[in-house]
Amino acid sequence: MVGNASPTVRRRPTSQGADILDFPSSINSSSSSSPAPTAMSSRPVRSPPHLPTRIELLVLGLYPALLLFGALFSFVSPETRASPYDPVRQSHYPPEKAPSYFARKDNILNVFFVKRGWAWVTIAFFVFWATHPAVTRKDWGSRIKAVMRWASVTTWWIFVTQWFFGPGLVDRGFMLTGGRCEREIGELIAEVFSASACKASGGKWKGGHDISGHVFLLVLGSYFLIQEVGWVVVRSTKAVEDERCVLMDDGAIKSAAVEAPPDKREDMQVSTNVFEALAFGGKFAAVVIGLSVWMLLMTAIYFHTWFEKVSSLLTPFLSPV
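So, a few notes on the structure that sits alongside this text. Owing to the predicted nature of the structure, the values given are computational and were not obtained by experimental measurement.

Parameters and conventions
Residues numbered from 1 in each chain as written. Predicted model: local features only at pLDDT ≥ 70, side-chain atom pairs only at ≥ 80, totals over all residues. Heavy atoms only, no water. Salt bridge = Lys/Arg side-chain N within 4 Å of Asp/Glu carboxyl O. Helix = DSSP H or I, 4+ residues; strand = E, 2+ residues; numbered from the N terminus. Buried < 20%, exposed > 50% of the residue type's maximum accessible area, 1.4 Å probe, protein only. 1 Å grid on protein atoms, 1.4 Å probe; cavity = no way out; pocket = protein on both sides within 12 Å on 5 of 7 lines; lining within 4 Å. Points joined across faces, edges and corners; volume = space filled by probe spheres on them. Nonpolar A, V, L, I, M, F, W, Y, C, P; charged D, E, K, R; others polar. Core = buried A, V, L, I, M, F, W, Y, C linked by side-chain atoms within 4.5 Å. Expected span 1.5 Å × (residues − 1). Arc of directions from axis to C-beta. Contact = heavy atoms within 4.5 Å. Disulfide = S-S within 2.5 Å. Phe/Tyr/Trp six-rings, centres within 6.5 Å; stacked < 30°, edge-to-face > 60°. Lys NZ or Arg CZ within 6 Å of the ring centre and 35° of its normal.

Attention shifts here to the pattern of salt bridges. Side chains carrying opposite charge are able to pair once their charged atoms draw close together. This model, assessed by the stated rule, comprises 4 salt bridges. Put simply, Glu228 and Arg149 hold a salt bridge, and the shortest N to O gap is 2.7 Å. Residue Glu228 is located in helix H10 (residues 213-237), and its partner Arg149 is located in helix H7 (residues 140-161); the two are separated by 79 residues in the primary sequence. You can call Arg149 partly exposed: its relative accessible area is 29%. As a salt-bridge pair, Glu182 and Lys206 come within 4.0 Å of each other at their nearest N and O atoms. Separated by 24 residues along the polypeptide, Glu182 in strand E3 (residues 180-182) and Lys206 in strand E4 (residues 204-206) bring together distant segments of the chain. The exposure class of Lys206 is partly exposed, given its relative accessible area of 24%. Overlapping salt bridges, with partners in common, bring together Arg180, Glu182 and Lys206 in one network.

Looking now at empty space enclosed by the protein. One pass over the full model with this rule turns up 1 cavity of 30 Å³ or more. Phe113, Gly117, Val121, Leu217, Leu218, Gly221, Ser222 and Ser292 together form the lining of the largest cavity. Elements that contribute at least two residues to the lining of the largest cavity include exactly helix H5 (117-131) and H10. By residue class, the composition of the lining of the largest cavity is 4 nonpolar, 4 polar and no charged.

Quick look at the nonpolar core now. Ranked by internal contacts, the top residues of the largest apolar core, which has 52 residues, are Trp118, Leu225, Met295 and Leu296. Breaking this core down by element, the ones donating at least two residues are helix H2 (54-76), helix H4 (108-114), H5, helix H6 (133-136), H7, H10 and helix H11 (274-302). Core analysis: the second largest hydrophobic core is formed by 6 residues, Cys181, Ile189, Cys198 and Trp205 among them.

Right, let's talk about H5 for a bit. Compared with an ideal rise of 1.5 Å per residue, which puts 15 residues at 21 Å, H5 spans 21 Å between its outermost C-alpha atoms and is within 8% of the ideal. Those residues of H5 not exposed but buried are Gly117, Trp118, Val121, Thr122, Ala124, Phe125, Phe128 and Trp129. Angular distribution of buried residues about the axis of H5 spans 160°; they occupy a single face of the element. At its buried positions, H5 is contacted by H4, H6, H7, H10 and H11.

Turning our attention to the state of the cysteines. The tally for this structure, following the rule as stated, stands at 1 disulfide. Note that Cys181 is cross-linked by a disulfide to Cys198, the S-S spacing being 2.0 Å. Across the S-S bond linking Cys181 and Cys198, the dihedral sits near 90°, which makes this disulfide right-handed. A residue pair is termed long-range when its members are at least 10 positions apart, and Cys181 in strand E3 and Cys198 in helix H9 (residues 195-200) qualify at 17 residues. When its relative accessible area of 1% is taken as the criterion, Cys198 is described as buried.

Per the stated rule, a full pass over the model turns up 16 aromatic pairs. Between the aromatic rings of Tyr63 and Tyr223, the centroid separation amounts to 6.4 Å while the plane-to-plane angle is 80°, which identifies the pairing as edge-to-face. Of this pair, Tyr63 sits in helix H2 while Tyr223 sits in helix H10, and the two are 160 residues apart along the sequence. Overall, Tyr63 belongs to the buried group, its relative accessible area being 0%. Accessibility expressed as a relative area gives 16% for Tyr223, which makes it buried. Taking the centre distance of 5.4 Å and the plane angle of 75° together, the rings of Tyr101 and Phe102 count as edge-to-face. Looking at Phe102, the relative accessible area reads 19%, which means it is buried. Linked through ring pairs, Phe125, Phe126, Trp150 and Phe224 together constitute an aromatic cluster. Residue placement shows Arg143 over the ring face of Trp140; its charged tip is 4.8 Å from the ring centre.

So this is what it looks like as C-alpha cells:
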C-alpha cells in the first residue's frame, strides 16, 4: 500500500568518489517544522509590578460604586430634593430635620470614629503588625518597610488635611476657588486660612470648592489597611492566587512570594479559614475598614455635592503609596 511505502533514498556520487545520501524533502521539512521546546514557553506571564492586580481593581471599584449609589439614593430621596443644599453645613438637612441618624454630624460614629479617623487607622495598622502570626515572624527589613509605607501615607494625609507648609491642601484649594471666612453678618475675617481657625474665630467657611476631608480620609485609610491586611490573609489561606509581582534588582519580574525569607517560603499557610487567618490584628483592622466603608456610604448619601465627592475620591490616589 502507498501509505506503508518507505521513502526513496538515492546515492549521489561526488568528485572525491564518496557518495552523498539524498533524502526526500518531505522528511527534512517535517523534521525542521517541529519547534524545539524553549524555557520561555513554560515561563509564567507576569503583570507589570506597578499596576493594580485584578483583585485590587475590584476593590478600587468599590469606592466609586459607593459614591454613585449614594448620589443616586440622594437624588431619588424626596427629603433631599425638597431641601436645598447648605454649603456651610455641607448637607441638605438641618439637624432637626435629618431623615436619618447618620445624616446628623453629631452621630456617634462621626464624632468618635471619623473625626479621629487616622488615629484608628494607625492603631489598626500597628496592632496587626504586632500580633498577626504571619507578620510577626518577618525579618526587621520587612517591618521597617511596613512602617515606611505607613509613614508615607500618613504624610500625605497630613499634607492634604492638616498642614502643607501652612494650611493643608484642602484649605488651600478652598481659598483658591474663592472661599473665605465670614461672620454671620457677612464680615470677612482677615488672616484666617483654614476651616478650623475660621470656626475657632466664630466665623463660617464660605464660597469655595470644599473637598470632603471625610471622603479622602475614609478612602485612603481603608484602602491602605486593605492592602496591608488583605494580601497577608490571601497568602495565609491560599484562598485565591497572589497575583502581585515585584521588580528585582536585575530587572526580572517575579512573584511577590520571593520577598518571603528563604526559610519561611514553605511555611506560609496559617489556616484554611479566612476568619481564623485574620487573627486578632486582622479582625481589628477589618472592623476599622468596615466602619470606614459604612461612613463613606453615609457621607455619599447625606453630605457634600457630587462634584466635591468626586474630587475627594481622586485625591487619595495621588498618594505616594
